[in-house]
Amino acid sequence: MDIIGSIDNAYQGKISVKVYHLIFTASTMYKCDVMDRKDLSQSYRNYLKQNPIARLGESGMMGPLGSYEYGQAVKQGHFQAVLEAEKIGLDLEKNLDSYLSENPGNFEAVDLSNITKAALIQGQDLKLPRLILESIFGKDDYKLMHNNFEKLAKLDTGTIARYNSVLEKVFGERFISKDGSAEDGSMQR
């Protein structure tokens, strides 16, 4: 199977946390639930259950919870958790055919022809970067955790460029990239 690319650490949920590794082929997006993987450490599961996305605004690496040391500890924990999830996702990519042949429950196949619009929104002012996929079935909104602690919720330029490249190849004219200034995440051109 020819894989065009992927997006790691795509986070959904407010109460129940899900973290996905999104793998794109020419016709399908495989939504791989990293949280359900047996090889995911208990420390990462615990970290995610604390809802780090909500806590980012709380601590902000300088907020009421935190001293500089607290912020650095949170940042280091986030960094380790993201690396672990990315490693698991890349392993899933490398062995996608064999994982799919096992018919695991932690994969969902999404037909790309059903997706009408895709937007990658860079984080801004502690608002996290997001991937929004609109389809005939509704809207999926993913917060992107890759390394968003580095620049107050923004992804680094290499990561955003890689995500842009993958999404442009996959969605063509259905894809837009935004700087995060639209409050509602609207996808108007």
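Residues numbered from 1 in each chain as written. Predicted model: local features only at pLDDT ≥ 70, side-chain atom pairs only at ≥ 80, totals over all residues. Heavy atoms only, no water.

(A) Spotlight on the environment of Ser6. Along the chain, the position of Ser6 falls in strand β1 (residues 3-12). Sequence-wise, Ser6 and Leu22 are 16 residues apart; in three dimensions their C-alpha atoms are separated by 5.3 Å. If sequence neighbours within four positions are ignored, Ser6 has contacts with His21, Leu22, Ile23, Phe24, Glu93, Arg162, Tyr163 and Val166. Of the polar contacts made by the side chain of Ser6, one reaches the side chain of His21; its length is 3.4 Å. A distance of 2.6 Å separates polar atoms of two side chains, one belonging to Ser6 and the other to Glu93. (Helix = DSSP H or I, 4+ residues; strand = E, 2+ residues; numbered from the N terminus. Contact = heavy atoms within 4.5 Å. Polar contact = N/O pair within 3.5 Å; in protein donor to acceptor, adjacent residues only side chain to side chain.)

(B) Representation of the nonpolar core. In this structure, Leu22, Phe24, Tyr142, Leu144 and Phe171 are the most contacted members of the largest nonpolar core, which totals 23 residues. Where this core is concerned, the elements lending two or more residues are β1, β2 (18-25), β5 (115-121), β6 (130-135), β7 (138-144) and α5 (157-171). It is α5 that provides the largest number of residues to this core, a total of 6 residues. With near-sequence residues (within four places) excluded, Leu144 lies in contact with Ile7, Asn9, Ala10, Leu120, Pro129, Arg130, Leu131, Leu155 and Tyr163. Residues Val17, Val19, Met35 and Ala85 belong to the second largest nonpolar core, which totals 17 residues. (Core = buried A, V, L, I, M, F, W, Y, C linked by side-chain atoms within 4.5 Å. Buried < 20%, exposed > 50% of the residue type's maximum accessible area, 1.4 Å probe, protein only.)

(C) Layout of the packing of aromatic side chains. Inspection of the entire model under this criterion finds 3 aromatic pairs. Look at Tyr20 and Tyr142: their rings are 6.1 Å apart centre to centre, the planes differ by 85°, and that puts the pair in the edge-to-face class. You can see Tyr20 sitting in strand β2 and its partner Tyr142 sitting in strand β7, a full 122 residues away along the chain. When sorted by exposure, Tyr20 lands in the same class as Tyr142, which is buried. On the numbers, 6.0 Å between centres and 80° between planes, the contact of Phe24 with Phe171 is edge-to-face. With Phe24 in strand β2 and Phe171 in helix α5, this residue pair connects regions lying 147 residues apart in the sequence. There is no split in this pair, since Phe24 and Phe171 are both buried. Its end group placed over the ring of Tyr20, Lys31 keeps NZ or CZ at 4.7 Å from the ring centre. (Phe/Tyr/Trp six-rings, centres within 6.5 Å; stacked < 30°, edge-to-face > 60°. Lys NZ or Arg CZ within 6 Å of the ring centre and 35° of its normal.)

Everything listed is a geometric property; what it means functionally is a separate question.
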